[in-house]
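# Examination of the molecular architecture
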Amino acid sequence: MSLIDKTEKRVMMASGAVLALFLFSVLYAKGKYKSDLPECLPYSKAYETPKVTKLDDSTYQVFAVAQMWQFQPSEIYVPVGSEVDFFVTSKDVVHGFNILLKNVNMMAIYGNINKTTVKFDKPGVYKITCHEYCGVGHQNMQAQVIVNYPTEPPPNLPR
Amino acid sequence: MQVSKSFKRLIFWELGIPVSLLIIGIYHGLMQTIYRSGVIHQSSFAHLDYYQGLTMHGVINALVLTTFFAVAFGHACITFYLKKEPNKVLGWLSFALMIVGTVLATGAMVSGKASVLYTFYPPLKAHPLFYLGLALLIVGSWIPLYDWARMYVKWKAQNPLVKTPLAVLGTLINFTIWFVCTLAVAYEVLVLLLPWSMGWTPGVNVTFARTLFWFFGHALVYFWLLPAYIMYYTILPKVADGKLYSDLAGRIALFGFLLFSIPVGVHHQFSDPSIERGTKFFAGLLTYGVAIPSFITAFTLAASLEYAGRKRGAKGLFGWMGKLPYLDPNKYLFAYMICGLILFIFGGLTGLVNASYQLSSVIHNTAWLPGHFHMTVAGPVFLAIIGMSTYLYSKMSGKRVFLPKVNVIIPYLWVIGVLIFSTGLSWGGLIGEPRRTNLGLSYLNPSNELFRPDWVPTTMLALCGGIIMFIAGVLFFIVFFGTMLRKQTEEGILELPVSEAYHDERRVPLFDQFKPWLITMAILIVLAYVPAIMNVMKNTGPKAPRFTPDNPVPVAILNK
C-alpha cells in the first residue's frame, strides 16, 4: 500500500501553491511598495530628547519620546507631502506607537530606538495611539500629527 | 481500563482546580467587554481594577487552565495507551508544585500588586511572588514529561516494531515543545525578573526579556493546541462513527509542530526595535512553515468526517456535512470538537495575517489580535478542554453527565458568541482600536475629548458576543459541577474513544523516533534565535529600572 494517496498528493501541491503565493505577495509588497517593518537602529542617548527637526521643505525628523502617560512632542505640525522619519523610544515602561491609516506600528522601549519613515500626502489630523498597556493612565495616552490643518501652528510650537 | 483510586483523584484535582478558577477568568472576560464598550466609565468594578481583571483573565485562562489540563489529559493518554499508570509520587509532586505556584500567582494578582498582564513585560514590575508562582507552575508541569518519557522508552524496548500510538506520540511531542520553550521563560523569570523585582539587580534589558518571552510565547500557542489536535486525530473520527483518513498524516503534522513551534516566535516582535529586518523576515518565512501541519490537518479531518458522513448514508458532494451527529447528547464530544474546528478556520486565517511581514503593521497590538486568538485558544482549545474535562470526569467517576441536552448545546452557543465577539474585535482592530485598554474611560466615553464614535459599533458587537460567551460559560459550570454533585451509578474507568485509521500505513521508522526531529528542531532554533539575540545584544542601550503601573517614577527613587 502506498504511503500517500492521490488526493493527498493533490492537496499537498495545492497547499504548496498557496504558501508560494503568500510568499510572493510579501516579497512583491516589499519591492514594489517599499512596505517594510521598522528599521533597526543602535541605541543613542540623543534620541531621548524629544524634538521636531525640519531637514528641508518636505523632510522632517521627529524624535518621539513615550512616557507614562504621554507622548513628547504631543502635537507635530508638518505640511502636506512631507516625508517624516519617526525615531521612537521610551523613558519608562513599554509603550505602543500606532499611527492609524499610515500603518506606522512600533513598540517604544527603554534603551532601544525604533525608526520608520512615512509620507503624509493628505491634510488632516493623524492620531498617535499608545497600544501597549503602560499602567493606570494607558487609555489617555494619545498624540497627533497635524498635516496642514487647520492653519499655521501657534508660534510657540516647533515647526 | 481500571485505574487506581490515587490516579483518579489526581486527575479530578487537576481538572477541578482550574475549572473552578475559570469562574474568575470568565467573569473578567465579560467585564472587559462591558468596560470596553463604554457601558461603564470606571477604572474598577466591585473593587477589582480593569487591568487587574485583565491580568487574571489572561493568567488563569491561558496559563493555569491550559497547563493543568495538558498535564491531566497527558496522564490520561499515556496511561490509557501504554496500559500503565504513571509514578504516583511524581504525579502528586507535579500537582503540588503547580498548585502552590497557582496560589502564589493568584494571591499576587488578587492583592493588586501584579497588574502586569499575562505577558508581564518589564520594566513594569509585579510582586516577586507572581514570578515565583509562574515558575513553580512551569517546573511542576515538567515532571510528568520525565516520567512519561521513562515509560515510553520502556514500552518501546518491549515493542520495537509497533507504531507508537498517535496520542502518545502527540503527548510526548507537545511536552517536548513545552519543556524547550519554557526553559527560556524560566530563565527570564528566575534569572532576569525575580532578582530585579526584589531590587537585587538594578536593571533589566527589556528587549532581551521580550525575546525570551516570545521564544516561549508562540510555542505556548501550540502547547495549548496540541491536546485538541490529539483529540481531533484520535477521538473525533470515532465519535463521528468514521475512521481517521490517514494515520501517517497525523504523525507528519505532529513532527511539523515539533520543528516549527519555537523558531517562529520572533514574528511577535515585528514591531520591536533592535531586531534587524532580516531576522524578522526569516521568522515570517518559518511561520508559513507552521501553516503546513495545519493544512495537513484540515484536509485529513475533513476527509475523515466525509468518510463518517458517507458511512451514515450521506449522498452527493456535500451531503456528508448534514449527516454528522451534531446534537447527539451521547456523542457530545463531537459537538465540542466540530465547533472548535469551525472557529479554527477563521482563527487560522487571521493568524496567517498576523504572521505576514507587512500586514503585521496594520494590526499589531490592535483589537484584531484578541479577535484572532479568541478563535484559537478560546475556540478549539477551550472547547476541547471543557468538553474533555466533563468527559474524563464523568467516565472516571462513574457519574452520568448532568443535563446532557444542555451540555450538547453549550459549544454551539459558544461558537455564536465568539463569532460575534471576534467580528467586533477584528473590525475594531482594523480601524485602530487598541487591545488591552480600558476604552470606557476615554475613547468610548462621550464626555471625554478622546471619544471615538466609530468604535461604538465594534465594541458593542464585542459586548453582545461576550454576553453570549458568558452564558455558555455559566451553562458549562452548571453541567460540570452538577455532574460532580451526582451519585455514582457506574464503575469509574479510564476510557477514551479510539479511532481506527482508514489508511493505516505501515510503520515508517522516520516518523516513529525522536532523534532526527530533535536535531532539526535544535538547528532551526539556533538559526532563528542566535541572530535575534545577537541583534538585541548589539543594539540595545541601558537596562531599565523597576516601575509600578501607577507611577512614572522608578521604584528605586520612590523608596529613597
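Residues numbered from 1 in each chain as written. Chains lettered and ligands numbered in written order. Predicted model: local features only at pLDDT ≥ 70, side-chain atom pairs only at ≥ 80, totals over all residues.

Helices and strands together make up the secondary structure of chain B, namely 17 helices and four strands. The C-alpha atoms of chain B give 23 Å as radius of gyration, which agrees with the globular expectation for 560 residues (24 Å, within 12%). On the principal axes, the C-alpha backbone points of chain B span a range of 70 × 50 × 45 Å. Across the 560 residues of chain B, 57% fall into the buried class. In chain B, the share of contacts with a sequence separation of at least 24, taken over all contacts with a separation of at least 6, comes to 84%. (Helix = DSSP H or I, 4+ residues; strand = E, 2+ residues; numbered from the N terminus. Rg over C-alpha atoms; globule rule 2.2 N^0.38 Å. Buried ≥ 20, exposed ≤ 12 C-beta atoms within 10 Å, placed from the backbone. Contact = placed C-beta atoms within 7 Å.)

What follows deals with the overall build of chain A. Regarding its fold elements, chain A presents one helix and eleven strands. Counted from the first residue to the last, chain A has its helices and strands arranged as α-β-β-β-β-β-β-β-β-β-β-β. Here the C-alpha radius of gyration of chain A, 21 Å, is well above what a compact globule of 159 residues would show, namely 15 Å. If you line up chain A on its principal axes, its C-alpha atoms span 80 × 35 × 30 Å. For chain A, long-range pairs separated by at least 24 residues make up 61% of all intrachain contacts whose partners lie at least 6 apart in sequence.

Successive side chains on a regular strand alternate, one facing one side of the sheet and the next facing the other. Across three bridges, the pairing between strand β1 (residues 39-41) of chain A and strand β9 (residues 113-120) of chain A is antiparallel. Across the sheet, E39 of chain A pairs through a bridge with K115 of chain A, a residue of β9 of chain A. (Pairing = 2+ DSSP bridges.)

What follows deals with the packing of helix α1 (residues 6-32) of chain A against helix α9 (residues 277-311) of chain B. Axis separation between α1 of chain A and α9 of chain B bottoms out at 10 Å; the angle between their running directions is 150 degrees. The angle between α1 of chain A and α9 of chain B falls in the class roughly antiparallel. Classified by chirality, the crossing of α9 of chain B by α1 of chain A is right-handed. Residues V11, S15, L19, F22, L23 and V26 of chain A of α1 of chain A touch α9 of chain B, and the partners they reach there are G284, Y288, A291, I292, F295 and F299 of chain B. (Axes fitted to C-alpha atoms, helices over the stretch in contact; angles between N-to-C directions. Parallel < 35°, antiparallel > 145°, perpendicular 65-115°, else oblique. Left-handed = near helix turned anticlockwise from the far one by under 90°.)

This paragraph deals with the domain arrangement of chain A. For chain A, the assigned domains read domain 1 (1-35) and domain 2 (39-148). Here the C-alpha centroids of domain 1 of chain A and domain 2 of chain A sit 37 Å apart. (Domains from an automatic or database assignment.)

In this complex, chain B contributes 58 residues to the contact, which on the side of chain A involves 46 residues. Of all the elements in the fold, those that place two or more residues in the side of chain B that touches chain A are α6 (206-234), α9, α11 (360-363) and α16 (515-539) of chain B. If you tally residues by element for the side of chain B that touches chain A, the top one is α9 of chain B, at eight residues. Of the residues belonging to the side of chain B that touches chain A, the class tally is 28 nonpolar, 20 polar and ten charged. (Nonpolar A, V, L, I, M, F, W, Y, C, P; charged D, E, K, R; others polar.)

To continue, consider the packing of helix α8 (residues 247-260) of chain B against α16 of chain B. Residue and element names in this part refer to chain B. It is at 8 Å that the axes of α8 and α16 come closest, and there the two elements cross at 35 degrees. Listed contacts from α16 to F255, L258 and L259 of α8 are W517, T520, M521 and L524. Residues of the contact of α8 with α16, tallied by class, amount to six nonpolar, one polar and no charged.

Residue and element names in this part refer to chain A. The strand order β5-β11-β10-β7-β8 describes an open sheet built from five strands, whose pairing is mixed. Only two strands of the sheet have a single partner each, and these edge strands are β5 (75-78) and β8 (104-108). Averaged over all pairs of adjacent strands, the angle between strand axes in this sheet comes to 20 degrees, irrespective of strand direction. Bridging between strand β7 (residues 95-99) and β8 involves five bridges; their strand directions are antiparallel. Pairing of G96 across the sheet is with M107, part of β8.

Residues and elements named next belong to chain B. With 27 residues, helix α14 (residues 404-430) should cover 39 Å at 1.5 Å per step; its first-to-last C-alpha distance of 40 Å lies within 8% of that length. Where α14 bends most, the angle comes to about 30 degrees, and this point is I410, followed within four residues by the proline P411. Positive backbone phi, at 90 degrees, marks G432, one or two positions downstream of α14. (Expected span 1.5 Å × (residues − 1). Bend = angle between axes of the 7 residues up to and from the residue.)

Residue and element names in this part refer to chain B. Averaged over every residue, the pLDDT of chain B is 94; residues scoring 70 or more account for 100%. Put simply, helix α17 (residues 555-558) is where chain B has its lowest mean pLDDT, 87, and helix α15 (residues 456-485) is where it has its highest, 97. For this predicted complex, the interface confidence score (ipTM) comes to 0.91, while the overall pTM stands at 0.94. (pLDDT = per-residue confidence, 0-100.)

To continue, consider the environment of T33 of chain B. Residue and element names in this part refer to chain B. Tracing the sequence through the fold places T33 in helix α1 (residues 5-36). As a C-alpha pair, T33 and I292 span 259 residues in sequence and 34 Å in three-dimensional space. Not counting the four nearest positions on each side in its chain, T33 is found in contact with A462, L463 and G466.

Turning next to the confidence of the model for chain A. When pLDDT is averaged along chain A, the result is 88; 92% of the residues meet or exceed 70. When mean pLDDT is taken per element in chain A, β7 of chain A scores highest with 96 and α1 of chain A scores lowest with 87.

Residues and elements named next belong to chain B. Relative to the assigned elements, C181 resides in helix α5 (residues 166-197). Judged by local crowding, C181 falls into the buried class, with 24 C-beta atoms found within 10 Å. For the pair formed by C181 and A219, sequence separation is 38 residues and the distance between their alpha carbons is 6.4 Å. Filtering out sequence-adjacent residues up to four positions away, C181 remains in contact with F215, F216, A219, L220 and I262.

Put simply, M68 of chain A and W69 of chain A share a cis peptide bond, and its omega is -5 degrees. Along the chain, W69 of chain A falls in the loop between β3 (59-67) and β4 (70-72). The residue after Q72 of chain A, namely P73 of chain A, is reached through a cis peptide bond having omega -10 degrees. In this structure, P73 of chain A sits in the loop between β4 and β5. Although it is not a glycine, F120 of chain B adopts a positive phi angle of roughly 35 degrees. Note that F120 of chain B resides in the loop between α3 (88-110) and α4 (128-158). The class of F120 of chain B is buried, set by 23 C-beta atoms lying within 10 Å.

Residues and elements named next belong to chain B. Looking at where M337 falls in the secondary structure, it is placed in helix α10 (residues 332-355). A sequence separation of 165 residues divides M337 from Y502, and the C-alpha atoms of the two residues are 20 Å apart. Apart from the residues within four sequence positions on either side, M337 is in contact with M231, Y232, L236 and A384.

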